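# Notes for the structure review
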Amino acid sequence: MTIKEALTDFKNLEAEATKKSEMKIYQRFIQLLTRLERRDLSGDEVQSIEEALDAFDLKSTTRHTQKHWDKAFRQFQKFLKDTFSLTTKGYYTNLGLGLGATFGVVFGVTVLSGLERSLGISYGIAIGMVVGLLIGRNLDARAMASGRVI
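Scope of this entry: the structure provided in the associated data block. (Residues numbered from 1 in each chain as written. Predicted model: local features only at pLDDT ≥ 70, side-chain atom pairs only at ≥ 80, totals over all residues. Heavy atoms only, no water.)

## Topic: unusual backbone geometry
Of all residues except glycine, most have a negative phi; of all peptide bonds, most are trans. To be explicit about the condition: Accessibility here uses a 1.4 Å probe with only protein chains present; expressed as a share of the type maximum, an area under 20% marks a residue as buried, one over 50% as exposed, and anything in between as partly exposed.
Positive phi values are uncommon outside glycine, yet Ser85 reaches one of about 60°. For Ser85, a relative accessible area of 35% translates into the label partly exposed.

## Thoughts on the packing of helix H3 (residues 43-54) against helix H4 (residues 66-84)
The condition is simple: Helix axes are fitted only over the stretch in contact, all axes being lines through C-alpha atoms; the angle between N-to-C directions runs from 0 to 180 degrees. Strands here mean DSSP runs of E at least two residues long; helices mean DSSP runs of H or I at least four residues long; both are numbered from the N terminus. Angles are sorted into four bins: roughly parallel if under 35 degrees, roughly antiparallel if over 145, roughly perpendicular if 65 to 115, and oblique for all others. Each helix crossing is assigned a hand: it is left-handed if the near helix lies turned anticlockwise from the far helix by less than a right angle, otherwise right-handed if that turn is clockwise. Whether two residues touch is decided by their heavy atoms; if any such pair falls within 4.5 Å, the residues are in contact. Classes in brief: Ala, Val, Leu, Ile, Met, Phe, Trp, Tyr, Cys and Pro nonpolar; Asp, Glu, Lys and Arg charged; the others, Gly included, polar.
Running from N to C, H3 and H4 point in directions that differ by 155°, and their axes come no closer than 11 Å. Taken together, the axes of H3 and H4 are roughly antiparallel relative to one another. Between H3 and H4 the crossing geometry is right-handed. Listed contacts from H4 to Glu45, Ser48, Ile49, Ala52 and Leu53 of H3 are Phe76, Phe79, Leu80 and Phe84. Across the contact of H3 with H4, the residue classes tally to seven nonpolar, one polar and one charged.

## A short note on the packing of helix H5 (residues 91-110) against helix H6 (residues 117-145)
Where H5 contacts H6, the two axes come as close as 6 Å, and the packing angle between them is 155°. Regarding the angle of H5 to H6, the classification is roughly antiparallel. Crossing angle aside, the handedness with which H5 passes H6 is right-handed. Taken together, the residues of the contact of H5 with H6 sort by class into 14 nonpolar, 10 polar and three charged.

## Here we look at helix H1 (residues 3-16)
For the record, the criterion: What a helix is expected to span follows from its residue count: subtract one and scale by 1.5 Å. The directions considered for the arc run from the helix axis to the C-beta atoms.
If you check H1, its first and last C-alpha atoms are 20 Å apart, about what 14 residues at 1.5 Å a residue would give, namely 20 Å. Considered for burial, the residues of H1 that qualify are Ile3, Ala6, Leu7, Asp9, Phe10 and Leu13. For H1, the arc enclosing every buried residue in end-on projection is 165°, short of the 170-degree limit, so these residues lie on one face. Facing away from the buried side of H1 by over 90 degrees, the exposed positions are Lys4, Ala15 and Glu16. At its buried positions, H1 is contacted by helix H2 (20-38), H3 and H4.

## A word on the environment of Gly98
Within the element layout of this structure, Gly98 appears in helix H5. Look at Gly98 and you get partly exposed, because its relative accessible area is 37%. When the C-alpha positions of Gly98 and Val46 are compared, they lie 32 Å apart, and in sequence the two are 52 residues distant.

Right, here's the structure in full:
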């Protein structure tokens, strides 16, 4: 299945969708496929993307659930990241915030243990998220400068 065919299929699915959450996932696919279509890709790259799109089984007669499409979108993003080192906008920022909050709890419990426990955890989460945000923004800026953001 070509990128244009997949784009058309997702637009049709979006038009048929009744729930707002369904529309959102279809719009995310449409945005991603539109950005890929605009990108200057080689023939081999386009072929491997089209093979990955075939795995989504868009032409099937069964109606897939939103959970299926969420999983498919994550798998497609992972495929693009692993194969072509392409990331979506804000990928590293989101990753940094999550990791910062996680390590912030550990930091708050161990290092800020002199404070009241809940206060130490709160400060640890805040500090971890700020550090994660800064690192994530820096990595997003590098990815944008090198042209790896879709």
